[in-house]
Amino acid sequence: MRRFLRDNGLSVTLFALFLISLVGQALTGWRAQVEELRLHELPAIGFTDYLASGHFISAVFENWESEFLQMAAYVLLTVFLFQKGSSESKKPDEANPEEEAPERHSGNPDAPWPVHRGGLLLKLYSHSLSIALVTLFLASFWLHLAGSTRRMNEEALQHRQPPQTMVDTLGDPEFWYESFQNWQSEFLSIGVLLVLGIYLRERGSPESKPVAAPHAATGH
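Model, not experiment: these values are computed from the prediction.

A few words on the pattern of salt bridges. A full pass over the atoms with the stated rule returns eight salt bridges. A salt bridge links Asp 7 to Arg 6; the nearest nitrogen and oxygen atoms lie 2.7 Å apart. Its relative accessible area of 46% is what places Asp 7 among the partly exposed residues. On the accessibility criterion, Arg 6 (59% relative accessible area) is exposed. Between Glu 94 and Lys 91 there is a salt bridge whose closest N-O contact spans 4.0 Å. Of the residues examined, Glu 94 reaches a relative accessible area of 48% and is grouped as partly exposed.

Given below as structure tokens:
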């Protein structure tokens, strides 16, 4: 177990922080929703009912959507675009190992099994990261849409207004406001990290260039 934690400490810690944050969001969101219902003189809902409410579902997947969009866009943009001086960018003036044909390593016993199989499977595996991230973005976008529709219908029921469909939600400025307010912050944060990484360092982190590396040094 100790060796497992050493070898996987980064992912274990990140997923633990994710779960702690998700539970914190659920508990505080529930308390806020109960208070909102009380102010409108409506009956409170239980915690498990809150987890299935539009208020919680919409808020969770609104954020997941923007995160997966950011990662998918960044992975795809770094295939074609460069940033001189960034450790996250390919080198613009020389060959990069990321572009090497995987078929050259079909005889390597340690290579992933799609490399040995070749063909269509290898083509799909060659783009599997972006495929997975785009799929997660689309799934999160759909769940954000479904959650927002449920939340709006819950509010409509409280005010005795007619329900709306997911198509109606797609035409609601509030839904797109929720999306764009997260999208802009995600693109800003990754852009800031990219540019700051050209001039600033964090010794010991593989996300940073070596402290003594020139500002113009690109890639690892």
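Our next topic: the side chain of Lys 209. In this fold, Lys 209 is placed in the segment after α9 (173–199). Looking at Lys 209, its side chain comes within polar contact range of the main-chain oxygen of Gly 85, at 2.7 Å. In terms of polar contacts, Lys 209 uses its side chain to reach the backbone carbonyl oxygen of Ile 198, at 3.3 Å.

So, how was this worked out
- Residues numbered from 1 in each chain as written.
- Predicted model: local features only at pLDDT ≥ 70, side-chain atom pairs only at ≥ 80, totals over all residues.
- Heavy atoms only, no water.
- Salt bridge = Lys/Arg side-chain N within 4 Å of Asp/Glu carboxyl O.
- Buried < 20%, exposed > 50% of the residue type's maximum accessible area, 1.4 Å probe, protein only.
- Helix = DSSP H or I, 4+ residues; strand = E, 2+ residues; numbered from the N terminus.
- Polar contact = N/O pair within 3.5 Å; in protein donor to acceptor, adjacent residues only side chain to side chain.

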